[in-house]
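Residue-level listing of the chains:
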Amino acid sequence: YKRVCNCYTLKLKGYQLKDKTLILGWHNKFKYHDSYNPSVETKIIKQIKIKKDNLGDYWIHCYVEEDMENTKERIADGEIGIDIGFDTFLTFSDGRKIYWPNFVNNHFNKLAQLRVAFSMASKCEEKEKELYNHLRRVHRNFIYKRNNFYWEIAHEICKTNQYIRVEDLDYKELCITHGRKTKALAFSNFMKILNECALKYGSKIIKVDR
């Protein structure tokens, strides 16, 4: 498998997920890390794919069948308006604010340091390739942390509000006016996560004209 392809689909039988271990056949056992709660092992898995990314890491993709609608219990039926910004991540209509976490500024500082390192290593191909792979890992880790932060905020909002009003922003225009920072923060990704959470809690998102 490692020599032939970067994606492999397992059959419905012949594998087992148990105690954070993927068991293939009788003797092939691979430890894996699962950060989801509850664990994917507790779900009915329809299909498993093993994929190798460009950095050489292997991922287990588990496909499960779930009913997305009203799977979470909302504890209050409030109404809230939210405004997304660069200096403050979210400003609520009741005056509350959520600021960007520390890892966001740390990420931009790391990128600035890596740009300096790239300029110094431009004459050495091996060093440049090593820095490039490190840069990709920095980006990947930032995306994981950012998405986790977005999921936590989205659950917090949808858990206590039945109606959520947000500004109908043009994200393509924001990318043109604010450049890299808009792409890194991925406001549109937060809106997708918020919509998915709203579906789970039975909340409704209302877009307000600019």
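In what follows, the accompanying structure is described. (Residues numbered from 1 in each chain as written. Predicted model: local features only at pLDDT ≥ 70, side-chain atom pairs only at ≥ 80, totals over all residues. Heavy atoms only, no water.)

## A few points about the sheet that holds strand β8 (residues 90–92)
- What the five strands build is an open sheet, ordered β9-β8-β7-β10-β11; its pairing is mixed. For this open sheet the edge positions go to β9 (97–98) and β11 (204–208), each flanked by a neighbour on one side alone.
- Here three bridges tie strand β7 (residues 78–84) to β8, and the two strands are oriented antiparallel to one another. Paired with Ile-84 across the two strands is Leu-90, which belongs to β8. (Pairing = 2+ DSSP bridges. Helix = DSSP H or I, 4+ residues; strand = E, 2+ residues; numbered from the N terminus.)

## Things to note about the pattern of salt bridges
- Counted under the stated rule, the structure contains eight salt bridges.
- Of the charged contacts, one joins Arg-140 and Asp-57 as a salt bridge, the two residues approaching to 2.8 Å between their closest N and O atoms. You can see Arg-140 sitting in helix α2 (residues 125–160) and its partner Asp-57 sitting in the loop between β5 (45–52) and β6 (58–64), a full 83 residues away along the chain.
- Classification of Arg-140 as buried rests on a relative accessible area of 17%.
- On the accessibility criterion, Asp-57 (23% relative accessible area) is partly exposed. (Salt bridge = Lys/Arg side-chain N within 4 Å of Asp/Glu carboxyl O. Buried < 20%, exposed > 50% of the residue type's maximum accessible area, 1.4 Å probe, protein only.)

## Digging into the sheet that holds strand β2 (residues 15–18)
- Spatially, three strands are ordered β2-β3-β4 in an open sheet, and the strand pairing comes out antiparallel. In the strand order of this sheet, the two ends are held by β2 and β4 (28–31), each with one partner. When the angles between neighbouring strand axes are averaged without regard to direction, this sheet yields 20 degrees.
- In this sheet, β4 lies alongside strand β3 (residues 21–24) in antiparallel orientation, the contact comprising four bridges. Each bridged residue has a counterpart across the sheet, and for Ile-23 the counterpart in β4 is Lys-29. (Axes fitted to C-alpha atoms, helices over the stretch in contact; angles between N-to-C directions.)

## Remarks on the nonpolar core
- Core analysis: the biggest nonpolar cluster contains 32 residues, and Phe-89, Leu-90, Ile-157, Ile-164, Phe-190 and Leu-194 have the highest contact counts within it.
- Looking at this core, the elements with two or more residues in it are β7, β8, α1 (102–120), α2, β10 (161–167), α4 (180–185) and α5 (187–201).
- A per-element tally of this core places α5 first, with eight residues.
- Residues contacting Phe-190, with those up to four places away along its chain left out, are Ile-84, Phe-89, Leu-90, Tyr-150, Ile-153, Ala-154 and Ile-157. (Core = buried A, V, L, I, M, F, W, Y, C linked by side-chain atoms within 4.5 Å. Contact = heavy atoms within 4.5 Å.)

## Re α1
- Under the 1.5 Å per step criterion, the end-to-end length of α1 is 28 Å for 19 residues, consistent within 8% with the ideal 27 Å.
- Regarding α1, the residues found buried are Phe-103, Val-104, His-107, Leu-111, Leu-114 and Phe-118. Down the axis of α1, the buried side of the element spans an arc of 100 degrees, and every buried residue falls inside it. In α1, those exposed residues whose orientation departs by more than 90 degrees from the buried face are Asn-102, Gln-113 and Met-120. (Expected span 1.5 Å × (residues − 1). Arc of directions from axis to C-beta.)

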